Structure formats: structure tokens, C-alpha cells
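Observations on the model geometry
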Amino acid sequence: MAPARSFHKAGVFAIIVCAAFAALAAFANHAGAQQQRQANGWQICNETSFVLEAATARPDGRAILVQGWTRLRPGECRIAVGAPLARGTHYLYARTSAAHRGGRRQWGGEARLCVDPSSSFTIENPPRCSAMGLEERRFRRVQINKRDTWRTAFAEATPYTISRARQAGLQRLLVDAGYDLREGRRGADPRRIAQSIAQFRQTARLAPNASESQLIDALETAARRRSQQVGLTLCNRARGRMWTAVARRRGEGWESRGWWPLNPGGCVRTIDEVLMQEVYYVHATLETPDGPRMLAAGGEPFCTSGARFAIVDRVACEERYYDTQLFTPISARNRDGLVVDFEERDFLPAGEVPPALRALQDAAAPQTQETARRGFAPETAPTQDRPGGS
């Protein structure tokens, strides 16, 4: 691995494209009396506390036209498709801004369509996303039966009105930008919120008459910049697809978490808070036509699973129907953030296993065979012998 790049409280900024794991939320779909009078087309509304980036798709002759991204502030509505609307099935997807902590959340469904994740786009959906350098996302189907107006709203599990979503969004962005609101049983103290907003306006040099929308935009920029300075980011600098995971201390115990799939050139922020510990642990397996390649550096044993996982403790993995993998230690002493680059030279040839892991596998061979018979290693799961799946 390349030497880890670090970010300090007074350090330089780096631009990192991150993707976090996906958390699905519910849609709220409204039409008729709930449509705003001035809406003229398909109106999408953000009734969440997040800044959202939405993509839509609609029938266009025999093709499906996919467009993105429409940015929505908390509590904001915008026309995504102008009238007249085509009656029938439309599609909708949204993701949270990279400025927010906790990884990118997604709103979607079961329809698989292609998007350009890094820039604005308008495309006819191709048969294969990867052939055009695009990525697949799962959209929700929306049945539109009016030609003039239709309204669809994104919502959280806890419903907000438009005005309440805007207030909650301001609070979330303040926290994401590094302000301590110290929420209690009744939520954040309104006086502390007002003080934080006043302090940010002064720090960001906003004009005295700057609107609330301008305040939200400035807070998102500050939160995005802060997110690039903290946490643990993993990047794929090799030529093949990669499966990554991390491990760290949690309280008095341990936790391992994965998988984050990374295409060549991709990065993901696996921890999105200031690094408080001196050592973190990373794992990566590189896919190749000849088979998976494992990190040559070896490291410490932690538990993993064939599917996405978050596992507490690092002992008796096989007895708990998990696998054991080696995670490489990374020093984070006096650092707020790290970027770890995995390169081709960091991996063993296909088929080779670090001696320490071979010894662990030999010791756990009876349990491993029993686990395989019970079906805990599906064919598409990213295990040591078969990285794959999604």
C-alpha cells in the first residue's frame, strides 16, 4: 500500500470521491389536492433533513430517458420533468449529498437503470451500464396518470413537513460542518442553534441579507470540505475490482465492517468521523481473471462474512459461522483523517495466501468445512476463495 495520506486540523484539503454503503428509506407519493398550484410538470419535493441529489427516468418512444442530477435542499421542491407529462411508468432515485456524515443514503426501488455518478447527465438507458462507463442504480417506479401536474416527495422514517424539513436540515448541516449543538431529550437548544448560525455566517463571511437558501448552500460546502479532512478513506489504484473492509476498537471490544466494492480508481470513506484511535485495520481482496489476490502485508485476524457485515468481537469466528481474514494495521497517531491507496504491488499472486492466514485456516479446517455444508458461503459472496457479488 502507498503511504497513508493524512489530514490534520491545520492541514491541506484533498478531494476524495466517496461512496458509502447504501441505506434505503421510504418514499411518500402525493398527487391531486397536495400538488402545489404553480407546479407545471412532475414536481419532486425533499421532505427530509438531507440535501438530496435526484435522478429521474421517463419513457421516450421505445427508450427510457434517464436524467440527473437535480439538487434539492431540505424542504425544497423542483420541477424535474416539465409538462406535458407522458402517462405511464416513470422512475425516481435519490442519494444524499457527500457532505453528510454516515455514508450516502439512497431512496430507490427495484428498477435497474444507469447513471453517471460523478456529473450531470442525460442518456438513453443502455443495455449494459459498464459498456458506457456508467453505474447501475435501483430506481423506484412511479405511475403518473396526469399530463399537467404530479408530485412525489422523498421522506424519512420520521415524517417532516416542508418547513420542518428545512429546520432539521439546517441543524444537520451545522453538525456536519463541525458545530456542537449538544442535543438533549427535547432536541437541540434553539439558542445554541442561533449562536452557531451567527458564528458560521461570520466565519463564512456571508452577507447580512444572505437568504436561508444561501446559508444552506454555504453550510453544505463547509460540511463537504470538512468531510474530506477526517475519517478513513480507501482507494483502489489497481486495475481490477476490489473488495474492502475495516476493523477498529469499539469501546472495550472490537468491530469489523465490510464489504465496500471499489472499481478501479474508486474511493470510499469507511469512517466519517475524526480518527480518535492510534491504529486502524484495513483489508482488501483484488479480483483478477486468475483468481483473487490477497494483501501481502498480512496483519491481525478479524471476522468477516460472505455478505455485507458488521461483526462485534474478533474471536471464535468460525464457531459463529463467520470467516477469518487478516487486516493490515495502519497508524493514525495525531491524524484526523487518512487515505489508504491499494496498488497492484500490494497484493500476492493469485492463489497465494499469507502464511499467518494459512495457519489460522488449518487450525479451523473442521469448522470451515462444516460452515460450507450449512450454506454460509454463497457462490456470489466475497469470501477469500470467491470474491464477487454486490
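This text goes with the structure placed above it.
Notes on the structure in this doc start here.

Cut-offs used in this document
- Residues numbered from 1 in each chain as written.
- Predicted model: local features only at pLDDT ≥ 70, side-chain atom pairs only at ≥ 80, totals over all residues.
- Heavy atoms only, no water.
- Helix = DSSP H or I, 4+ residues; strand = E, 2+ residues; numbered from the N terminus.
- Contact = heavy atoms within 4.5 Å.
- Areas by Shrake-Rupley, 256 points an atom, 1.4 Å probe, with all protein chains shown as cover.
- Buried < 20%, exposed > 50% of the residue type's maximum accessible area, 1.4 Å probe, protein only.
- Pairing = 2+ DSSP bridges.
- Salt bridge = Lys/Arg side-chain N within 4 Å of Asp/Glu carboxyl O.

Considering the overall build of the protein chain
Summing up its helical and strand segments, the protein chain has 5 helices and 22 strands in all. In the protein chain, the share of contacts with a sequence separation of at least 24, taken over all contacts with a separation of at least 6, comes to 73%. About 19800 Å² of surface is accessible on the protein chain, with carbon and sulfur atoms providing 47% of the total.

Let's talk about the pairing of strand E17 (residues 279-286)
A large share of E17 lies buried, amounting to 7 of its 8 residues. Here 6 bridges tie strand E14 (residues 242-250) to E17, and the two strands are oriented antiparallel to one another. Each residue of the ladder has a partner; that of Met 242, found in E17, is Leu 286. Across 4 bridges, E17 lies against strand E21 (residues 323-331) in antiparallel orientation. Paired with Tyr 281 across the strands is Pro 329, a residue of E21. Pairing geometry for E17 and strand E18 (residues 293-294), over 2 bridges, is antiparallel.

Some thoughts on the environment of Leu 85
Tracing the sequence through the fold places Leu 85 in the loop between strand E6 (77-82) and strand E7 (88-96). Considered as a pair, Leu 85 and Asp 148 are 63 residues apart in the sequence and their alpha carbons are 6.2 Å apart. Those residues in contact with Leu 85 that lie beyond four places of it in its chain are Gly 41, Trp 42, Ile 144, Lys 146, Arg 147, Asp 148, Thr 149 and Trp 150.

Examining the pattern of salt bridges
Throughout the structure, instances matching the rule amount to 21 salt bridges. With a shortest N-O distance of 3.5 Å, Arg 191 and Asp 189 are connected by a salt bridge. Among the residues examined, Arg 191 registers a relative accessible area of 62% and is labelled exposed. The exposure class assigned to Asp 189 is partly exposed, which follows from its relative accessible area of 30%. The closest approach of N and O atoms between Arg 239 and Glu 344, which form a salt bridge, is 3.8 Å. Highlighted residues: Arg 239 in the loop between strand E13 (231-236) and E14 and Glu 344 in the loop between strand E22 (337-342) and helix H4 (355-363), separated in sequence by 105 residues. Note on Arg 239: relative accessible area 71%, which makes it exposed. Residues participating in the shared-partner salt-bridge network are Arg 71, Arg 73, Glu 76, Asp 217, Glu 220 and Arg 224.

Notes on the pairing of strand E10 (residues 121-124)
Each regular strand displays side chains that alternate between the two surfaces of the sheet. Alternating positions in E10 separate cleanly, Phe 121 and Ile 123 being buried on one face and Thr 122 and Glu 124 remaining unburied on the opposite face. Note: strand E5 (residues 63-72) against E10, 4 bridges, orientation antiparallel. Its bridge partner being in E10, Leu 65 is matched across the sheet by Glu 124.

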